[in-house]
Amino acid sequence: VSRFHKEGGADLVWNLGTAYFGAGTFGKDGERIFDPEVFTENAQYVKMIEIKLSQGAKPAHGGMLPKEKITPLIAEARNLPYPVEHDCNSPPKHSAFSNPYEMCDFITRLRELSGGKPVGIKLCVGQPEEFTG
């Protein structure tokens, strides 16, 4: 959620990915972790939240934004220090939950922290059997 989204009053659907950009901070080992205070601050600007479970182009691999491409505006929107010293990695899975039951608890927590806004999940499935087993 960038300041441009906040200033413009856009109708936003917030895709919350594994790096918790706009909803997280850095843990003690440098990994991105969910931060309820940062999430709550930005949730006021969105209409709903979608938990992004996979990357369409690279499922189970996460993503990486080279530090050379991180501008001051990108750093600000992603709650990153600037200038950056390292590439920005999105891990292949969420750290806030590790199974479907914990994911449901996380969904409930996001709904409460956002003041009751709708929370859904978003995933990319190549073949139906990848999801249904």
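Structural data are supplied above this passage.
Within each chain, residues carry numbers counting from 1 in the order of the written sequence. Whole-chain, interface and lining totals are the exception, using all residues; otherwise, since this is a predicted model, local features are given only for residues with pLDDT of at least 70 and side-chain atom pairs are given and counted only at 80 or more. With hydrogens and water excluded, all non-hydrogen atoms of the structure serve as input to the side-chain values.

### Here's the deal with the overall build of the chain
Logical step 1: Counting its secondary structure elements, the chain contains 5 helices and 7 strands.
Logical step 2: The numbering of helices and of strands both runs from the N terminus, where a helix is a DSSP run of H or I of at least 4 residues and a strand a run of E of at least 2. When the helices and strands of the chain are read in sequence order from the N terminus, they spell out α-β-β-β-α-β-β-α-β-α-β-α.
Logical step 3: Relative to its length of 133 residues, the chain is compact, with a C-alpha radius of gyration of 15 Å against a globular reference of 14 Å.
Logical step 4: Across its three principal axes, the chain shows a C-alpha extent of roughly 45 × 30 × 30 Å.
Logical step 5: Within the chain, buried positions represent 32% of all 133 residues.
Logical step 6: Accessible area for the chain stands at about 8,400 Å²; split by element, carbon and sulfur atoms hold 54% of it.
Logical step 7: Asp and Glu are treated as the negative residues and Lys and Arg as the positive ones, with His and the ends of the chain left uncounted. The atom standing in for a charge is NZ when the residue is Lys, CZ when it is Arg, CG when it is Asp and CD when it is Glu. Of note, the chain has its 15 positive side-chain charges centred 3 Å away from the centre of its 17 negative side-chain charges. Restricting the calculation to C-alpha atoms gives the radius of gyration, and the globule rule supplies 2.2 Å times the number of residues raised to the power 0.38. Partly exposed describes any residue whose relative accessible area lies between the buried limit of under 20% and the exposed limit of over 50%, with all areas from a 1.4 Å probe on protein chains only and scaled to the type maximum. The Shrake-Rupley method, run with a 1.4 Å probe, gives the accessible areas here. Residue values count only the displayed protein chains as cover.

### Structural notes on the nonpolar core
Logical step 1: With 18 residues, the main nonpolar core has Trp 14, Leu 16, Phe 39, Ile 49, Phe 106 and Leu 110 as its most contacted residues.
Logical step 2: At the level of elements, strand S1 (13–16), helix H2 (36–43), strand S4 (48–52) and helix H4 (100–113) are the ones that each hand at least two residues to this core.
Logical step 3: Among the elements that make up this core, the one with the highest residue count is H4 (4 residues).
Logical step 4: Residue contacts are defined here by distance: any two heavy atoms, one from each residue, within 4.5 Å place the two residues in contact. Setting aside chain neighbours within four positions, we find Phe 106 in contact with Leu 16, Tyr 20, Phe 34, Ile 51, Ala 96 and Phe 97.
Logical step 5: Nonpolar cores were defined as sets of buried Ala, Val, Leu, Ile, Met, Phe, Trp, Tyr and Cys residues, with membership established by side-chain atoms within 4.5 Å. In this structure, Ala 19, Leu 65, Ala 75 and Cys 88 belong to the second largest nonpolar core, which totals 8 residues.

### Here's the deal with a nonpolar patch on the surface
Logical step 1: A residue counts toward a patch only above 30% relative accessible area and without a salt bridge, and it is joined to like-charged neighbours within 9 Å or, for Val, Leu, Ile, Met, Phe, Trp and Tyr, to nonpolar neighbours within 5 Å. Definition used for salt bridges: Asp or Glu carboxyl oxygen within 4 Å of a side-chain nitrogen of Lys or Arg. Side chains of Ile 121, Leu 123, Val 125 and Phe 131 sit close together on the surface and give an oily, nonpolar patch of about 350 Å² of accessible area.
Logical step 2: You can see Leu 123 is positioned in the loop between strand S7 (119–122) and helix H5 (128–132).

### As for the packing of aromatic side chains
Logical step 1: Any Phe, Tyr or Trp ring, taking Trp's six-membered ring, that has another such ring centre within 6.5 Å forms a pair; planes under 30 degrees apart are called stacked, those over 60 apart edge-to-face, and the others tilted. If you walk through the whole model with that rule in mind, you get 6 aromatic pairs.
Logical step 2: A ring pair is formed by Tyr 20 and Phe 34, whose centres lie 5.9 Å apart and whose planes are at 70°; its orientation type is edge-to-face. Highlighted residues: Tyr 20 in the loop between S1 and strand S2 (24–26) and Phe 34 in strand S3 (residues 32–34), separated in sequence by 14 residues.
Logical step 3: Owing to a relative accessible area of 0%, Tyr 20 belongs among the buried residues under this scheme.
Logical step 4: The exposure class of Phe 34 is buried, given its relative accessible area of 12%.
Logical step 5: Within the aromatic cluster, the residues linked to one another by ring pairs are Trp 14, Tyr 20, Phe 34, Phe 39, Phe 97 and Phe 106.

### With respect to H4
Logical step 1: Given a rise of 1.5 Å per residue, 14 residues ought to cover 20 Å, and the 20 Å separating the end C-alpha atoms of H4 matches this to within 8%.
Logical step 2: Looking only at H4, the buried set comprises Met 103, Phe 106, Ile 107 and Leu 110. With its buried residues spanning 105° around the axis, H4 presents them on a single face. Among the exposed residues of H4, those oriented more than 90 degrees off its buried face are Tyr 101, Asp 105 and Glu 112.
Logical step 3: Looking at the packing, one finds that the buried side of H4 touches S1, S3, H2, S4 and S7.
Logical step 4: Under this definition, polar contacts are N or O atom pairs within 3.5 Å; protein pairs additionally need one hydrogen-donor-capable and one acceptor-capable atom, and for neighbouring residues in sequence, both atoms have to be side-chain atoms. At the N-terminal boundary of H4, the capping side chain belongs to Asn 99, with an oxygen 3.0 Å from the backbone nitrogen of Tyr 101. Any helix carries an expected span of 1.5 Å times its number of residues minus one. Directions from the helix axis toward the C-beta atoms define the arc.

### Describing the side chain of Asp 35
Logical step 1: Looking at where Asp 35 falls in the secondary structure, it is placed in the loop between S3 and H2.
Logical step 2: Each residue touching Asp 35, except ones within four places of it in the same chain, is listed here: Ala 23, Gly 24 and Thr 25.

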